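# What the coordinates show
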Amino acid sequence: MNAPILAAAPATAAVPRTEPAYKRILLKLSGEALMGEDPYGINRAVIDRIVAEIGEVVRLGVQVAVVIGGGNIFRGVAPGAAGMDRATADYMGMLATLMNALALQDAMRRAGLVSRVQSALSIEQVAEPYIRGKALRYLEENKIVIFAAGTGNPFFTTDTAAALRGREMGVDIVLKATKVDGVYTSDPRKDPGAKRYPSLTFDEAIVKNLKVMDATALALCRDQNMLLKVFSIFVPGALKRVVLGADEGTLVHC
């Protein structure tokens, strides 16, 4: 009897990757990501879902640091801050990031994840001061480190803080979680013909003013040869797929 003929798998079939592509990552979360569809504040369901996705990555053995923004809280007081001294407004924004960091840490605790909050501003009653050596040790112990208060200086964004902390922590990649699934030629919410870039260089992003990050953050990533991936945190499972090396979002490189 002739042996049965087995159909071969298509040559182009991709085998899903099961091992993470990166050992240590820094996740940049905007404050707006925490408010979901609310006008401002923290949406409990949204923060719990984000924490669940971070937990999946941690269970893969990936070391995770987080830089959090404060736009969701500062948005509620922004009208009253109109005309305010820029440095004062920036310090208010830093305090908003600390509030978000504490909320994120509490959600992680409820999810069974161990995390530490380090603040660039000294508020030792609620958060540790930023100490690079301790942060590195926490990451090596597989604790999540949440960096609050940006760089601790006015006139610098939390994007710049993400690039700075990413370099200090020696991460393999900075992941910027946004509302859009990558970098586009124009705003896809306004232009239906906008095209997503699968990848681009830092110089292209700066010259074309693509609003990936502010110019200071992009220049720091470029000068330190640090990879950046922009993706949507609102797409279920996107964070895990990015960590596994899938073609998700836009990769920005030198």
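This structure is a prediction, so every number in the text was calculated from the model and none was measured.

Reading guide: rules and limits
Residues numbered from 1 in each chain as written. Predicted model: local features only at pLDDT ≥ 70, side-chain atom pairs only at ≥ 80, totals over all residues. Heavy atoms only, no water. Axes fitted to C-alpha atoms, helices over the stretch in contact; angles between N-to-C directions. Helix = DSSP H or I, 4+ residues; strand = E, 2+ residues; numbered from the N terminus. Left-handed = near helix turned anticlockwise from the far one by under 90°. Contact = heavy atoms within 4.5 Å. Nonpolar A, V, L, I, M, F, W, Y, C, P; charged D, E, K, R; others polar. Buried < 20%, exposed > 50% of the residue type's maximum accessible area, 1.4 Å probe, protein only. Pairing = 2+ DSSP bridges. Salt bridge = Lys/Arg side-chain N within 4 Å of Asp/Glu carboxyl O. Phe/Tyr/Trp six-rings, centres within 6.5 Å; stacked < 30°, edge-to-face > 60°. Lys NZ or Arg CZ within 6 Å of the ring centre and 35° of its normal. pLDDT = per-residue confidence, 0-100.

### A word on the packing of helix α1 (residues 44-58) against helix α3 (residues 86-110)
Across the interface, α1 lies against α3 with an axial gap of 9 Å and an inter-helix angle of 65 degrees. In the crossing of α1 with α3, the sense of the turn from one axis to the other is right-handed. Packed against α1, whose contacting residues are R44, I47, D48, V51 and I54, the element α3 presents A103, L104, A107, M108 and R110 at the interface. The class makeup of the residues in the contact of α1 with α3 is 7 nonpolar, no polar and 3 charged.

### Side note on the pairing of strand β6 (residues 173-178)
Most of β6 is tucked away, with 6 of its 6 residues classed as buried. Neither face of β6 is open: one carries I173, L175 and A177, the other V174, K176 and T178, and all of them are buried. Bridge count for β6 against strand β10 (residues 227-232) is 6 bridges, and the pairing is parallel. Its bridge partner lying in β10, L175 is registered against K229.

### As for the environment of M84
With respect to the helices and strands, the residue M84 is situated in the loop between α2 (71-81) and α3. In contact with M84, other than residues within four places in its own chain, are A89 and M92.

### Remarks on helix α7 (residues 215-223)
Taken together, the buried positions of α7 are A217, L218, A219 and C221. Of the surrounding elements, those touching the buried residues of α7 are α5 (158-169), α6 (202-207) and β10. Just past α7, the residue N225 takes up positive phi, approximately 55 degrees.

### Structural notes on the pattern of salt bridges
The full count for this structure, using the stated rule, is 17 salt bridges. Across the pair K176 and D159 runs a salt bridge, and its minimum N-O distance is 3.1 Å. Of this pair, K176 sits in strand β6 while D159 sits in helix α5, and the two are 17 residues apart along the sequence. With a relative accessible area of 12%, K176 lands in the buried category. Each of the salt bridges in this network shares a partner with another, and the network as a whole consists of R44, D48, D106, R109 and R110.

### Things to note about the packing of aromatic side chains
The final tally for this structure, using the stated rule, is 1 aromatic pair. The positively charged end of R116 is found above the aromatic ring belonging to Y138, 5.6 Å away from the centroid. For R165, the ring lying beneath its charged end belongs to F147, and the centroid distance is 5.8 Å.

### Section: the confidence of the model for the protein chain
Scored by pLDDT, the protein chain has a mean of 90; 91% of the residues are at 70 or more. Contacts of residues 1-13 to residues separated by more than four positions or lying in other chains number 0 contacts, the stretch itself having pLDDT below 50.

### Some thoughts on the environment of N225
Within the secondary structure, N225 sits in the loop between α7 and β10. By relative accessible area, N225 is classed as exposed at 59%. With 23 residues separating them along the chain, N225 and F202 place their C-alpha atoms 9.7 Å apart.

### As for the environment of A177
With respect to the helices and strands, A177 occurs in strand β6. For A177, a relative accessible area of 3% translates into the label buried. Between the C-alpha atoms of A177 and L228, which are 51 residues apart in sequence, the distance is 11 Å. Apart from residues no more than four positions distant in its own chain, A177 is found in contact with L27, K28, L29, S30, F231 and I233.

### Focus: the sheet that holds strand β9 (residues 199-201)
Spatially, 9 strands are ordered β4-β3-β5-β2-β1-β6-β10-β11-β9 in an open sheet, and the strand pairing comes out mixed. Both edges of this open sheet fall to β4 (128-129) and β9, since each of them pairs with a single strand only. When β9 meets strand β11 (residues 250-253), the two strands line up parallel, connected through 3 bridges. Note that in β11 the partner of S199 across the bridge is L251. Running over the sheet, α5 touches β1 (24-29), β2 (63-68), β5 (144-148) and β6 and is turned about 170 degrees from β1.

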